[in-house]
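# Structural characterization, general
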Amino acid sequence: MSRYKEIMARKNEIMKKSLGIDYERFESGGIAFDYERMMKETGYILEEIIKIQREANVGNTPLIELKNLTELARKVSPTGKAARIFIKDEACNPSGSFKERRASVSIYHAKQKGYKGVIAATSGNYGAAVASQAAMKGLKCIVVQEAYDSRGIGQPEILEKGRKCETFGAEVVQLTIGPELFYVNLMLLEETGYFNASLYTPFGVAGIETLGYEIAQQVKERTGKFPDVVVATHAGGGNLTGTARGLIKAGDTHTKVCGASVDLTGLHMASDKDFNRKSFTTGHTGFGIPFATWPDRADVPRNAARPLRYMDGYYLVKQGEVFYMTELLAQLEGLERGPAGNTSLAAAFSLAQQMENDQIIVVQETEYTGAGKNPTAQLTFAMQNGIKILVGNPDDEIPGQNIILPEHPSMIKAREVNLSNLKKSYIKNCVQHFGIMPKEEDIKFLAEDTKSSEEFVKEVISELQKGGLV
């Protein structure tokens, strides 16, 4: 316990050394910090990132029009109309996911700065991406992964990803669910002197900007215009943040950027009891909601992923709907992908039906699949853990108790989250965390960070004061 307290007391010192970023340079002494300056001065410009990624065989992935799924959406749409659905096939990256874009810049930077190895704390695809890129650059790699519950039972999807990390030569440190992940990560960073390849650094988020940039360019080349909507699976927020920034850098300022998460309401992200009752290990509400309302919960002092800055809509889909969409994508389009990317596909299939035939909606990414990520493996594991697998109305699904596959594709539904409430929660969390009454510069920052207005921020603060919460 004393070792734990000692390490945690020095967490900022350890993180600073393992990143080489002095976050204090961008702080203003209050809630606000200079986000754009941080992104500019600690990262790389878009042209540099494109070059880095090309040399690492990352990016420039295909944009695929899902003609059969578009036709099905129009067939089941109440109006008979639906937007054209496209998908960006990020499974074509070396490790099989968009997270290779994040890893490529971090590993390049680590190599340039003379680090001998890199460490990433992740249960998923990012670990494989870091391991893949580290192998290319000749760097050592350690992946710290929450893999088991207290009984020693691990989720098929997580174990699948662990094996993939090992395939690329990484050392995988597997833990049981609990608070030790951050501690072990910090301890290893200090003991090894390796680079902290966190998901939430400016390097990682800027690496995804090329994804948004490519989407804008490819859609315009194919159709003569930018997309109307881009849907990104939302967990920690970096996926959506980087994509939105890339769209803007391509000159696309009007596309709506929407997040999508799997509804696992009621299941706790770090609960031993709930660990194996979740059929999705990322891209769900256990990450999506907390990281939207308090992004600086990350393993860096200031998270470069600020999803509320860029989010125009946020939608939830059910577990059964994602499994169903995974099968539709395979059997109608001949693409075996998933599961995380099919979260945004499920939302896009529903949202497309609220649009016109000449409009365009892009599913921002796919990911590789494998034995442990296949729906059959996931559903079998769910049944072994007491989850009932039913066919019916997904609206009746209760996370942790059942998974309901829709009886008909018309039942797939994107359920809108009230963004205003998320923004209010974020402002409240900021005020209470820093324990200060926001100054003028803080109010301006909070308005930017919530894509709202200074008037909105002041109203929220006034409500908090009336309620005695500040």
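Model, not experiment: these values are computed from the prediction.

Pairing between the strands of a sheet is mediated by backbone hydrogen bonds and can be parallel or antiparallel. Strand order in the open sheet formed by four strands is β5-β4-β3-β6, and the pairing between neighbours is parallel. The sheet is open, and its two edges are formed by β5 (171–176) and β6 (195–196), each paired on a single side. The pairing of strand β3 (residues 117–121) with β6 spans two bridges and is parallel. What sits directly across from I119, in β6, is N196.

Relative to the assigned elements, T281 resides in the loop between α13 (272–275) and α14 (285–293). We classify T281 as buried; its relative accessible area is 10%. Reaching out from T281, the side chain makes a polar contact with the side chain of K161 at a distance of 3.4 Å. The residues touching T281, leaving out its near neighbours within four places in the chain, are S123, Q155, E157, I158, K161 and F287.

Glancing now at the state of the cysteines. For the coordinates displayed, the defined rule picks out zero disulfides. Left without a disulfide partner, C92 is nearest to the cysteine sulfur of C165, which lies 20 Å away.

That bond from G338 to P339 is cis: its omega, 10°, falls within 30 degrees of zero. One can find P339 in the loop between α15 (319–333) and α16 (341–352). At N57, a position not held by glycine, the phi torsion is positive, near 60°. Take N57: it is sitting in the loop between α4 (46–55) and β1 (63–65). Classification of N57 as exposed rests on a relative accessible area of 55%. Of note, K451 is a non-glycine position whose phi angle comes to about 50°, a positive value. Relative to the elements of secondary structure, K451 occurs in the loop between α19 (440–449) and α20 (454–466).

Glancing now at the sheet that holds strand β7 (residues 229–233). Across the sheet, which stays open at both edges, the seven strands sit in the order β1-β2-β10-β7-β8-β9-β13 with mixed pairing between neighbours. Of all the strands in the sheet, the pair left with one neighbour each is β1 and β13 (415–416). Of the pairings in the sheet, the one linking strand β8 (residues 256–262) to strand β9 (residues 313–317) comprises five bridges and is parallel in character. Across the sheet, residue V262 finds its bridge partner in β9, namely V317. Lying over the sheet, α16 contacts β2 (84–88), β7, β8, β9 and β10 (360–363), oriented at roughly 145° with respect to β7.

Residues M437, L469 and V470 make up a contiguous nonpolar surface patch of about 240 Å² in total accessible area. Within the element layout of this structure, V470 appears in the segment after α20. When its relative accessible area of 38% is taken as the criterion, V470 is described as partly exposed.

Attention now moves to the packing of aromatic side chains. Pairs of aromatic rings are described using the distance from one ring centre to the other and the angle between the two planes. Following the criterion strictly, the structure yields eleven aromatic pairs and no others. Where F33 meets Y35, the ring centres are 6.3 Å apart and the plane angle is 85°; that geometry is what we call edge-to-face. Classification of Y35 as buried rests on a relative accessible area of 1%. Ring centres of Y44 and F203 lie 6.4 Å apart, and the angle between their planes is 50°; on these two criteria the pair is classed as tilted. Separated by 159 residues along the polypeptide, Y44 in the loop between α3 (35–42) and α4 and F203 in helix α10 (residues 202–207) bring together distant segments of the chain. The pair Y44 / F203 is uniform in exposure class, with both members buried. Positioned above the aromatic ring of F226 is the side chain of K220, whose terminal nitrogen or guanidinium carbon lies 4.6 Å from the ring centre. The side chain of K373 reaches across the aromatic face of Y368, ending 3.8 Å from its centre.

All right, on to α20 then. Here α20 is 13 residues long and its end C-alpha atoms lie 18 Å apart, about the 18 Å a rise of 1.5 Å per residue gives. All of the buried residues in α20 are F456, V457, V460, I461 and L464. All buried residues of α20 lie within an arc of 135° about the axis, which places them on one face of the element. Set apart from the buried face of α20 by more than 90 degrees, the exposed residues are E455 and K466. Its buried side turned inward, α20 meets α18 (419–434) and α19. Among the residues trailing α20, G468 stands out with phi positive, at a value near 70°.

We now examine the packing of helix α6 (residues 99–112) against helix α7 (residues 125–137). When two helices pack together, their arrangement is given by the angle between their axes and by how far apart the axes lie. Packing of α6 against α7 leaves a shortest axis separation of 8 Å and a crossing angle of 40°. On the basis of the axis angle, α6 is oblique to α7. Pair α6 / α7 crosses with right-handed handedness. Where α6 abuts α7, its residues K99, E100, R102, A103, S104, S106, I107, Y108 and K111 lie against N125, Y126, A129, V130, S132, Q133, A134 and K137.

Rules of the game
- Residues numbered from 1 in each chain as written.
- Predicted model: local features only at pLDDT ≥ 70, side-chain atom pairs only at ≥ 80, totals over all residues.
- Heavy atoms only, no water.
- Pairing = 2+ DSSP bridges.
- Helix = DSSP H or I, 4+ residues; strand = E, 2+ residues; numbered from the N terminus.
- Buried < 20%, exposed > 50% of the residue type's maximum accessible area, 1.4 Å probe, protein only.
- Polar contact = N/O pair within 3.5 Å; in protein donor to acceptor, adjacent residues only side chain to side chain.
- Contact = heavy atoms within 4.5 Å.
- Disulfide = S-S within 2.5 Å.
- Axes fitted to C-alpha atoms, helices over the stretch in contact; angles between N-to-C directions.
- Patch = residues over 30% accessible without salt bridge, like charges linked within 9 Å, V, L, I, M, F, W, Y side chains within 5 Å.
- Areas by Shrake-Rupley, 256 points an atom, 1.4 Å probe, with all protein chains shown as cover.
- Salt bridge = Lys/Arg side-chain N within 4 Å of Asp/Glu carboxyl O.
- Phe/Tyr/Trp six-rings, centres within 6.5 Å; stacked < 30°, edge-to-face > 60°.
- Lys NZ or Arg CZ within 6 Å of the ring centre and 35° of its normal.
- Expected span 1.5 Å × (residues − 1).
- Arc of directions from axis to C-beta.
- Parallel < 35°, antiparallel > 145°, perpendicular 65-115°, else oblique.
- Left-handed = near helix turned anticlockwise from the far one by under 90°.

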